[in-house]
Amino acid sequence: MGEASIPKPIKFLFGGTAGMAATCFVQPLDLVKTRMQVSKGVEGAAKPSTFSVISGIIKNEGLSTLYTGLSAGLLRQATYTTTRLGIYTWLFENFSTEGVPPGFFMKAALGMTAGGAGAFVGTPAEVALIRMTSDGSLPVDKRRNYSSVFNALARIYKEEGLTTLWRGATPTIARAMVVNAAQLASYSQAKQIILGTGYIQDGIFCHFVASMISGLITTIASMPVDIAKTRLQSMKYTDGVPEYKGAGDVLSKVIKKEGFFALWKGFTPYYFRLGPHTVLTFIFLEQANIAYKLHVLGIAGGSGGL
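Residues numbered from 1 in each chain as written. Predicted model: local features only at pLDDT ≥ 70, side-chain atom pairs only at ≥ 80, totals over all residues. Heavy atoms only, no water.

A look at the overall build of the chain
- If you tally the helices and strands in the chain, you get nine helices and two strands.
- Across the chain, helices and strands are ordered from the amino to the carboxyl terminus as α-α-α-α-α-α-α-β-β-α-α.
- Radius of gyration (C-alpha) of the chain: 20 Å, near the 19 Å computed for a compact globule of 306 residues.
- Oriented by its inertia axes, the alpha-carbon framework of the chain measures out at about 65 × 40 × 35 Å.
- In the chain, which comprises 306 residues, the proportion classed as buried is 50%.
- By element, 68% of the accessible surface of the chain is carried by carbon and sulfur atoms, the whole surface being about 14000 Å².
- When the 29 positive and 18 negative side-chain charges of the chain are each reduced to one mean point, those points stand 3 Å apart. (Helix = DSSP H or I, 4+ residues; strand = E, 2+ residues; numbered from the N terminus. Rg over C-alpha atoms; globule rule 2.2 N^0.38 Å. Buried < 20%, exposed > 50% of the residue type's maximum accessible area, 1.4 Å probe, protein only. Areas by Shrake-Rupley, 256 points an atom, 1.4 Å probe, with all protein chains shown as cover. Lys, Arg positive; Asp, Glu negative; His and termini not counted. Charge placed at Lys NZ, Arg CZ, Asp CG, Glu CD.)

What follows is the structure in structure tokens.
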């Protein structure tokens, strides 16, 4: 019985569960990141910091507000992460030859494929998540006040049409392809290099170090696409005219009005959300795969499959 013997449905189940478990810890940082990205820079005014945004939310809206949109975050993981990690682990094992993992660029290509597929499936939950987490930054009379992710999806469909659930799908898919090419490939590569040094053995510490390296690379690469996606999905229409025409319009307006480095606005909460989320997701996924191989398939010393 070979290494590629975990059934596909189990791979998908482990991927989604790993992402959902990690989201429970990092949801507040996701909310802070979104609030910072949708805030428009005011000339002469101090730029909001991560701390000022967190303290402002707690002071004005209450501590529990930091978990607004958790239901949407969990649904996003159940759809997006289940698909992307399930497809990636399946492709990774299929493209490994006699236990030798694929090269870096093949890993990146596998990550892009898995990410694009996952993003399309997860875009409706992503739209709901962005709207729920950014709602508190709007004037009271313009807030949507969704009660849950299912209320958000139902109202978006009823009030704005089915296609609105896939608004921003192009930058969402582009972001997912960038994120997954960077995250999955850099994680697998970092882990391979770390193990190759001989100083760190395969285990939770190795997975932690590889995850934090992966998180940093992914944050730098994906933030410009992420801010375009966030602005598009949270925008409102004025007299039937959308605030932005598309992802390119968002990026040009942000650079023109807020400066080039505004494309990395919310870097700190983004990294401290993505880093731990990457760590928790990969550690959980690897341990689940190893445990399944040991206790169900009877394979001792099997790898986590990444």
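Still to come is the rest of the account.
A few points about the packing of helix α1 (residues 8–38) against helix α3 (residues 70–94)
- With their axes 7 Å apart at the nearest point, α1 and α3 run at an angle of 140 degrees to one another. Relative to α3, α1 is oriented oblique. In this structure, α1 meets α3 at a crossing whose hand is right-handed.
- Here the contact of α1 with α3 is composed, by residue class, of nine nonpolar, 12 polar and three charged. (Axes fitted to C-alpha atoms, helices over the stretch in contact; angles between N-to-C directions. Parallel < 35°, antiparallel > 145°, perpendicular 65-115°, else oblique. Left-handed = near helix turned anticlockwise from the far one by under 90°. Nonpolar A, V, L, I, M, F, W, Y, C, P; charged D, E, K, R; others polar.)

As for the nonpolar core
- Counting 20 residues, the largest nonpolar core has F14, L85, Y88, L184, A210, F282 and L285 as the members making the most contacts within it.
- Mapped onto this core, the elements with two or more residues apiece are α1, α3, α4 (104–134), α6 (169–197), α7 (204–234) and α9 (267–295).
- The greatest single-element share of this core, amounting to five residues, is contributed by α3. (Core = buried A, V, L, I, M, F, W, Y, C linked by side-chain atoms within 4.5 Å.)

Re unusual backbone geometry
- One non-glycine residue, N145, lies in positive phi territory at about 55 degrees.
- With respect to the helices, strands and loops of the structure, N145 is situated in the loop between α4 and α5 (149–160).

Some remarks on helix α8 (residues 247–258)
- Spanning 12 residues, α8 covers 16 Å between terminal C-alpha atoms, matching the ideal 16 Å at 1.5 Å per step.
- Residues D249, V250, V254 and E258 constitute the buried set of α8. End-on view of α8: buried residues confined to an arc of 130 degrees, all on one side of the axis. Along α8, exposed side chains directed more than 90 degrees from the buried face belong to G248 and K256.
- Looking at the buried residues of α8, the elements they touch are α7.
- Positioned one or two residues after α8, G259 has a phi angle of 100 degrees, which is positive. (Expected span 1.5 Å × (residues − 1). Arc of directions from axis to C-beta. Contact = heavy atoms within 4.5 Å.)

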